Amino acid sequence: VQLQASGGGLVQAGGSLSLSCAASGRTFGSLSMAWFRQAPGKAREFVAARFRVSNTYYADSVKGRFTISSDKSKNTVYLQMNSLMPDDTAVYYCAADNSLILGNIRSASAYDYWGQGTQVTVSS
(Lines give C-alpha, C1' and ligand atoms only; values in the text may rest on other atoms or scores of the structure.)
Protein backbone atom coordinates (compact mmCIF):
# COMPACT_ATOMS: atom_id res chain seq x y z
CA VAL A 1 0.00 0.00 0.00
CA GLN A 2 1.28 3.43 -0.93
CA LEU A 3 -0.15 6.55 0.69
CA GLN A 4 0.16 10.05 -0.69
CA ALA A 5 -0.86 12.87 1.63
CA SER A 6 -1.48 16.45 0.62
CA GLY A 7 -3.24 19.62 1.68
CA GLY A 8 -1.28 21.10 4.55
CA GLY A 9 -0.47 24.75 4.87
CA LEU A 10 -0.56 27.88 6.97
CA VAL A 11 -3.83 29.17 8.37
CA GLN A 12 -4.92 31.60 11.05
CA ALA A 13 -6.55 30.40 14.23
CA GLY A 14 -10.22 29.75 13.63
CA GLY A 15 -9.63 28.84 10.01
CA SER A 16 -10.02 25.58 8.14
CA LEU A 17 -7.87 23.20 6.14
CA SER A 18 -8.55 19.94 4.38
CA LEU A 19 -6.04 17.11 4.08
CA SER A 20 -6.20 14.27 1.59
CA CYS A 21 -4.58 10.87 1.55
CA ALA A 22 -4.74 8.77 -1.59
CA ALA A 23 -4.14 5.03 -1.23
CA SER A 24 -2.96 2.67 -3.94
CA GLY A 25 -1.86 -0.91 -4.14
CA ARG A 26 -4.55 -2.54 -2.02
CA THR A 27 -8.33 -2.86 -2.01
CA PHE A 28 -9.39 0.39 -0.39
CA GLY A 29 -12.42 -1.02 1.32
CA SER A 30 -10.37 -3.50 3.31
CA LEU A 31 -8.18 -0.82 4.81
CA SER A 32 -8.55 0.97 8.08
CA MET A 33 -7.13 4.45 7.63
CA ALA A 34 -6.17 7.10 10.12
CA TRP A 35 -4.58 10.46 10.65
CA PHE A 36 -1.88 11.05 13.22
CA ARG A 37 0.08 14.18 13.97
CA GLN A 38 3.40 15.04 15.53
CA ALA A 39 4.37 18.40 16.91
CA PRO A 40 8.02 19.32 17.52
CA GLY A 41 9.37 17.58 20.59
CA LYS A 42 6.22 15.55 21.08
CA ALA A 43 5.20 12.00 20.38
CA ARG A 44 3.06 11.12 17.41
CA GLU A 45 -0.58 11.23 18.45
CA PHE A 46 -3.82 9.86 17.12
CA VAL A 47 -6.17 12.31 15.45
CA ALA A 48 -8.92 10.39 13.67
CA ALA A 49 -9.58 7.07 12.00
CA ARG A 50 -11.95 5.28 9.69
CA PHE A 51 -12.16 1.68 10.85
CA ARG A 52 -12.62 -0.67 7.90
CA VAL A 53 -15.66 0.37 5.91
CA SER A 54 -17.14 3.31 7.70
CA ASN A 55 -16.91 3.59 11.49
CA THR A 56 -15.06 6.72 12.52
CA TYR A 57 -13.21 7.64 15.69
CA TYR A 58 -11.65 10.86 16.95
CA ALA A 59 -9.26 12.09 19.56
CA ASP A 60 -11.05 14.10 22.21
CA SER A 61 -8.96 17.14 21.33
CA VAL A 62 -10.39 17.32 17.81
CA LYS A 63 -13.89 15.94 18.28
CA GLY A 64 -16.47 18.33 16.92
CA ARG A 65 -13.85 20.25 14.90
CA PHE A 66 -12.33 17.62 12.60
CA THR A 67 -14.13 15.22 10.30
CA ILE A 68 -12.66 12.17 8.62
CA SER A 69 -14.35 10.98 5.47
CA SER A 70 -13.56 8.86 2.46
CA ASP A 71 -14.29 8.52 -1.22
CA LYS A 72 -14.02 4.89 -2.22
CA SER A 73 -14.13 5.74 -5.93
CA LYS A 74 -10.94 7.77 -5.49
CA ASN A 75 -9.34 5.52 -2.85
CA THR A 76 -8.92 8.66 -0.79
CA VAL A 77 -9.51 9.59 2.81
CA TYR A 78 -9.92 13.20 3.87
CA LEU A 79 -9.51 15.15 7.07
CA GLN A 80 -11.56 18.34 7.22
CA MET A 81 -10.20 20.54 9.97
CA ASN A 82 -12.30 23.44 11.21
CA SER A 83 -11.87 25.91 14.06
CA LEU A 84 -8.15 25.31 13.98
CA MET A 85 -6.08 26.32 16.98
CA PRO A 86 -2.35 26.92 17.38
CA ASP A 87 -2.14 23.63 19.31
CA ASP A 88 -3.15 21.85 16.10
CA THR A 89 0.17 22.84 14.56
CA ALA A 90 2.02 19.65 13.63
CA VAL A 91 3.11 17.42 10.83
CA TYR A 92 0.09 15.32 9.89
CA TYR A 93 0.53 11.75 8.69
CA CYS A 94 -1.94 9.36 7.15
CA ALA A 95 -1.69 5.70 8.01
CA ALA A 96 -3.36 2.50 6.89
CA ASP A 97 -3.59 -1.12 7.86
CA ASN A 98 -5.52 -4.08 6.50
CA SER A 99 -5.61 -6.15 9.68
CA LEU A 100 -6.22 -3.55 12.35
CA ILE A 101 -8.29 -4.51 15.36
CA LEU A 102 -10.54 -1.91 16.91
CA GLY A 103 -8.73 -1.89 20.22
CA ASN A 104 -5.53 -0.69 18.52
CA ILE A 105 -7.04 2.04 16.42
CA ARG A 106 -5.35 4.85 18.37
CA SER A 107 -1.93 3.20 18.40
CA ALA A 108 0.55 4.36 15.77
CA SER A 109 2.49 1.12 16.05
CA ALA A 110 -0.54 -0.84 14.85
CA TYR A 111 -0.42 0.66 11.35
CA ASP A 112 1.80 -0.90 8.71
CA TYR A 113 1.60 1.79 6.05
CA TRP A 114 2.39 5.47 6.32
CA GLY A 115 2.31 8.41 4.00
CA GLN A 116 4.77 11.25 4.03
CA GLY A 117 3.84 13.98 6.45
CA THR A 118 2.22 17.25 5.55
CA GLN A 119 2.80 20.36 7.64
CA VAL A 120 -0.12 22.19 9.21
CA THR A 121 0.70 25.49 10.87
CA VAL A 122 -1.91 27.51 12.72
CA SER A 123 -0.95 31.04 13.62
CA SER A 124 -2.47 32.87 16.57
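Preceding this paragraph is the structure being described.
Since this is a predicted model, take the numbers as computed values, not measurements. (Residues numbered from 1 in each chain as written. Predicted model: local features only at pLDDT ≥ 70, side-chain atom pairs only at ≥ 80, totals over all residues. Heavy atoms only, no water.)

Participant: Whenever I open this one, the overall build of the chain confuses me. Can you help?
Facilitator: For the chain, the count of helices and strands is zero helices and 11 strands. Each helix and strand of the chain, ordered N terminal to C terminal, gives the series β-β-β-β-β-β-β-β-β-β-β. For the chain, the spread of C-alpha atoms along the three principal axes comes to 40 × 30 × 25 Å. Of all 124 residues assigned to the chain, the portion counted as buried reaches 40%. (Helix = DSSP H or I, 4+ residues; strand = E, 2+ residues; numbered from the N terminus. Buried < 20%, exposed > 50% of the residue type's maximum accessible area, 1.4 Å probe, protein only.)

Participant: Please clarify how unusual backbone geometry should be interpreted in this entry.
Facilitator: Only a minority of non-glycine residues have a phi that is not negative, and only a minority of peptide bonds are not trans. Even without a glycine there, the phi angle at Asn75 is positive, about 50°. Tracing the sequence through the fold places Asn75 in the loop between β7 (66-71) and β8 (76-81). Unlike most non-glycine residues, Ser83 shows phi in positive territory, near 50°. Within the secondary structure layout, Ser83 lies in the loop between β8 and β9 (90-97). For Ser83, a relative accessible area of 42% translates into the label partly exposed.

Participant: So what exactly am I meant to see when it comes to the sheet that holds strand β3 (residues 17-24) here?
Facilitator: With antiparallel pairing, four strands are arranged side by side in an open sheet as β1-β3-β8-β7. Edge positions in the open sheet fall to β1 (2-6) and β7, since each of these has one partner strand only. Mean inter-strand twist for the sheet, computed between neighbouring axes without regard to direction, equals 15°. With six bridges joining them, β3 and β8 adopt antiparallel strand pairing. Opposite Ser20, over in β8, you have Tyr78 as the bridge partner. (Pairing = 2+ DSSP bridges. Axes fitted to C-alpha atoms, helices over the stretch in contact; angles between N-to-C directions.)

Participant: Is there a simple way to think about the pairing of β7 in this case?
Facilitator: Remember that side chains alternate between the two faces of the sheet whenever the strand is regular. With six bridges joining them, β7 and β8 adopt antiparallel strand pairing. Within the sheet, the bridge partner assigned to Asp71 lies in β8 and is Thr76. Hairpin connection of β7 to β8: four residues between the antiparallel strands, including Asn75 at a positive phi of 50°.

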